[in-house]
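# Survey of secondary and tertiary structure
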Amino acid sequence: KNQVEQSPQSLIILEGKNCTLQCNYTVSPFSNLRWYKQDTGRGPVSLTIMTFSENTKSNGRYTATLDADTKQSSLHITASQLSDSASYICVVFAEEAGTALIFGKGTTLSVSS
Amino acid sequence: GAGVSQSPRYKVAKRGQDVALRCDPISGHVSLFWYQQALGQGPEFLTYFQNEAQLDKSGLPSDRFFAERPEGSVSTLKIQRTQQEDSAVYLCASSLELAGEDTQYFGPGTRLTVL
């Protein structure tokens, strides 16, 4: 069964600290993996998209890594800011039927001052 | 407009009522998706349009759910005889290229509450 599992479910960190969010997937055949940021009451916003041939991709203070062999991805946030408080969702696209985007449940990050 | 817009932002319906949710995608975007997001969960796929063609409706939970995009731009998600379990945020997303190959841009969602 195609699944995307994220950990931790929630995380609290102090402003300025770094953190890493994890994503494990059992999606096949794999096409690409995305990380989204979803602020409360808003729609998700894309942070990164990686294909199986890409190991890392950065977007400002966000760096995503992908290990297609172990089917694991991580999102590293550097020097966190209060505005980073949001839900971070890992999404895997399975290239079957053309539309199978599998969403994780997300990690809720709270950055406190 | 600059992004995907959805209306209404909030909808309260009595059980058994019909509702219609509207999505205005980014102009020129080929692909349009509808998702259902329950509280504390990630979005779940409902249906996908490529222009006016509904290519995948495998995620629609029952025949009470119906979506259309008659002219390949604006889309409407209709829910007939709403039930309490339909309460959720309904997200619309569009992308320039075909499904899965491109960044999806999400609207703010419509929060549906069925009493």
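Below: a short report on this structure. The structure presented is a predicted model; accordingly, all values stated were derived computationally and were not measured. (Residues numbered from 1 in each chain as written. Chains lettered and ligands numbered in written order. Predicted model: local features only at pLDDT ≥ 70, side-chain atom pairs only at ≥ 80, totals over all residues. Heavy atoms only, no water.)

Looking now at the overall build of chain B. Along its length, chain B carries zero helices and eleven strands. Listed N to C, the secondary structure of chain B is β-β-β-β-β-β-β-β-β-β-β in terms of helices and strands. Put simply, chain B shows about 5,600 Å² of open surface, and 46% of that area lies on carbon and sulfur atoms. The distance from the centre of the 11 positive side-chain charges to the centre of the 13 negative ones in chain B is 12 Å. (Helix = DSSP H or I, 4+ residues; strand = E, 2+ residues; numbered from the N terminus. Areas by Shrake-Rupley, 256 points an atom, 1.4 Å probe, with all protein chains shown as cover. Lys, Arg positive; Asp, Glu negative; His and termini not counted. Charge placed at Lys NZ, Arg CZ, Asp CG, Glu CD.)

Chain A puts 19 residues into the contact, and the matching count from chain B is 21 residues. Inspection of the chain A/chain B interface yields three residue pairs in polar contact (both at pLDDT 80 or more). Elements with a contribution of two residues or more to the side of chain A that touches chain B: β4 (30–38), β5 (45–51), β9 (86–94) and β10 (100–103) of chain A. No other element matches β4 of chain A, which puts four residues into the side of chain A that touches chain B. (Contact = heavy atoms within 4.5 Å. Polar contact = N/O pair within 3.5 Å; in protein donor to acceptor, adjacent residues only side chain to side chain.)

Right, let's talk about the packing of aromatic side chains for a bit. Where two aromatic rings form a pair, the distance of their centres and the angle of their planes describe that pair. All told, the structure shown has ten aromatic pairs over all chains when counted by the stated rule. Relative to Y35 of chain B, the ring of F103 of chain A lies with its centre 5.0 Å away and its plane at 70°, an arrangement referred to as edge-to-face. Of the two residues, F103 of chain A sits in strand β10 while Y35 of chain B sits in strand β4 (residues 31–37), which places them in two different chains. By the burial criterion, F103 of chain A is buried, and Y35 of chain B matches it. Ring geometry for F103 of chain A versus F106 of chain B: centroids 6.5 Å apart, planes at 85°, classification edge-to-face. (Phe/Tyr/Trp six-rings, centres within 6.5 Å; stacked < 30°, edge-to-face > 60°. Buried < 20%, exposed > 50% of the residue type's maximum accessible area, 1.4 Å probe, protein only.)

The subject of this paragraph is the pattern of salt bridges. Tallied over the entire structure, the rule returns five salt bridges over all chains. The closest approach of N and O atoms between E54 of chain A and K57 of chain A, which form a salt bridge, is 3.1 Å. Owing to a relative accessible area of 24%, E54 of chain A belongs among the partly exposed residues under this scheme. Judged by its relative accessible area of 28%, K57 of chain A is partly exposed. Between E68 of chain B and K78 of chain B there is a salt bridge, and its shortest N-O distance comes to 3.4 Å. In this pair, E68 of chain B is assigned in strand β7 (residues 65–68) and K78 of chain B in strand β8 (residues 75–79), connecting sequence segments ten residues apart. (Salt bridge = Lys/Arg side-chain N within 4 Å of Asp/Glu carboxyl O.)

Moving on, we come to the pairing of strand β6 (residues 56–59) of chain A. Residue and element names in this part refer to chain A. Relative to strand β7 (residues 62–67), β6 is paired through four bridges, and the arrangement is antiparallel. Bridged to K57 within β7 is A64. Counted between consecutive antiparallel strands, the loop separating β6 from β7 contains two residues, among which G60 sits at a positive phi close to 65°. (Pairing = 2+ DSSP bridges.)

This brings us to the state of the cysteines. Joining two cysteines, a disulfide is a covalent bond between their sulfur atoms. All names here are of chain A. Taken as a whole, this structure holds two disulfides over all chains when the rule is applied. C19 takes part in no disulfide bond, and the closest cysteine sulfur, belonging to C90, lies 15 Å away. Since its relative accessible area comes to 6%, C19 is described here as buried. (Disulfide = S-S within 2.5 Å.)

With that settled, consider the sheet that holds strand β3 (residues 19–25) of chain A. All names here are of chain A. If you walk across this open sheet you meet the five strands as β1-β3-β8-β7-β6, and the pairing is antiparallel. Since the sheet does not close on itself, it has two edges, and those belong to β1 (4–7) and β6, each with one partner. Neighbour-to-neighbour, the strand axes of the sheet open up by a mean angle of 15°, direction not taken into account. Bridging between β7 and strand β8 (residues 72–77) involves six bridges; their strand directions are antiparallel. By the bridge assignment for β8, L66 is matched with S73. (Axes fitted to C-alpha atoms, helices over the stretch in contact; angles between N-to-C directions.)

Turning next to the sheet that holds strand β3 (residues 19–24) of chain B. Residues and elements named next belong to chain B. Here four strands make up an open sheet; going across it, the order is β1-β3-β8-β7 and the pairing antiparallel. Because the sheet does not close on itself, it has two edges, and the strands there are β1 (5–7) and β7. Adjacent strand axes in the sheet meet at a mean angle of 15° when their direction is disregarded. Alignment of β3 against β8, held across five bridges, turns out to be antiparallel. Its bridge partner being in β8, L21 is matched across the sheet by L77.

Interpretation in functional terms is not warranted from these geometric data alone.
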